[in-house]
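Summary of structural features
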Amino acid sequence: MSRNHPDSNEDDKVETCIFCLIASERDKEAEIMKKDKELVCFKDINPAAPHHYLVVPRQHMHSCSSLNSGHISLVKRMAEMGKTVLRDQGVTNMKDIRLGFHQPPYISVNHLHLHVLAPTNKISEYLMYKFMPKTVAFITEESLTMHLKNKAPPVKY
Ligand SMILES: [Zn+2]
Ligand SMILES: [Zn+2]
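A brief report on the enclosed structure follows. (Residues numbered from 1 in each chain as written. Chains lettered and ligands numbered in written order. Predicted model: local features only at pLDDT ≥ 70, side-chain atom pairs only at ≥ 80, totals over all residues.)

Here the focus is the overall build of the protein chain. Within the protein chain, the secondary structure is distributed over 4 helices and 6 strands. Along the protein chain, from the amino end to the carboxyl end, the secondary structure elements read α-α-β-β-β-α-β-β-β-α. Relative to the 2.2 N^0.38 estimate, which gives 15 Å for 157 residues, the radius of gyration of the protein chain is 16 Å and therefore close to what a compact globule would have. Taking the principal axes of the C-alpha coordinates as reference, the protein chain spans close to 50 × 40 × 30 Å. Buried positions account for 29% of the 157 residues belonging to the protein chain. For the protein chain, the proportion of contacts with a sequence separation of at least 24, taken over those separated by at least 6, is 67%. (Helix = DSSP H or I, 4+ residues; strand = E, 2+ residues; numbered from the N terminus. Rg over C-alpha atoms; globule rule 2.2 N^0.38 Å. Buried ≥ 20, exposed ≤ 12 C-beta atoms within 10 Å, placed from the backbone. Contact = placed C-beta atoms within 7 Å.)

Take a look at the structure:
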């Protein structure tokens, strides 16, 4: 692939981001479960539960730490897509699911992604620690939304 833009640093970052590749549907390995104009949901490559999917925005964003109150609706849409995929896959007990984000530095890929797991009681014992609510590593979608309500967007001059 040739590249002539002298100012393509931002592009370079995106080019090498595996989730950007999946979200733009250039990675053929990923098993995409659902997509729309804004979001893509695919199977986690190392599933920790019978159902384990990731929802990512097509647009590159670093992590949940990059978000503010202006992103609450985005987080809600990500959660909705995750729940829709679970229902599509036959999950009926929507109380026995876990939706959340890893918090830096406990993130494996620097592209915002929502983990969607079900059922909760079948999350692998060995991987459970990665998805424990109220730890420094993991924040549930609900806790993040509450937290974002108090986090105003940076002021633009
Ligand atoms: Zn990315
Ligand atoms: Zn993750």
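Right, let's talk about the environment of I18 for a bit. Following the sequence through the fold, I18 ends up in helix α2 (residues 18-23). For I18 and H62, which are 44 residues apart along the polypeptide, the C-alpha to C-alpha distance reads 12 Å. If we ignore the near neighbours within four places in the chain, the residues touching I18 are D27 and V109.

Right, let's get into the pairing of strand β5 (residues 114-118). Within β5, 5 of the 5 residues are buried, which leaves the element mostly enclosed by the surrounding structure. With 5 bridges joining them, strand β3 (residues 51-57) and β5 adopt antiparallel strand pairing. If you follow V55 over to β5, its bridge partner there is L114. Relative to β5, strand β4 (residues 98-102) is paired through 3 bridges, and the arrangement is antiparallel. Residue pairing in the sheet places G100 in a bridge with H115 of β5. (Pairing = 2+ DSSP bridges.)

With that settled, consider the sheet that holds β4. Spatial ordering of the open sheet is given by β1-β2-β3-β5-β4-β6, a layout of 6 strands whose pairing is antiparallel. The two strands at the open ends of the sheet, each matched to only one other strand, are β1 (32-35) and β6 (138-140). Direction aside, the axes of adjacent strands within the sheet are offset by 25° on average. Sheet analysis places β4 next to β6, joined by 3 bridges and oriented antiparallel. (Axes fitted to C-alpha atoms, helices over the stretch in contact; angles between N-to-C directions.)

With that settled, consider the nonpolar core. One broad rule of soluble globular proteins: the nonpolar side chains tend to lie buried together. Judged by nonpolar contacts, the single largest core of 33 residues is most densely connected at C41, Y53, V55, V56, L114 and V116. Counting only elements with at least two residues in this core, the list comes to α2, β2 (39-43), β3, α3 (72-88), β4 and β5. The dominant element in this core, judged by the number of residues it contributes, is α3, at 6 residues. (Core = buried A, V, L, I, M, F, W, Y, C linked by C-beta atoms within 7 Å.)

For the bond running from P104 to P105, omega is 5°, close enough to zero to count as cis. Following A118, the chain continues to P119 via a peptide bond in cis, the omega torsion being -15°. Within the element layout of this structure, P119 appears in the loop between β5 and β6. Its identity as a non-glycine residue notwithstanding, E25 has a phi of 60°, on the positive side. Position of E25 relative to the elements: it lies in the loop between α2 and β1. Residue E25 is classed as partly exposed on the basis of its 13 C-beta neighbours within 10 Å. A positive phi angle, close to 60°, is found at K134, a residue other than glycine. Mapped onto the secondary structure, K134 falls in the loop between β5 and β6.

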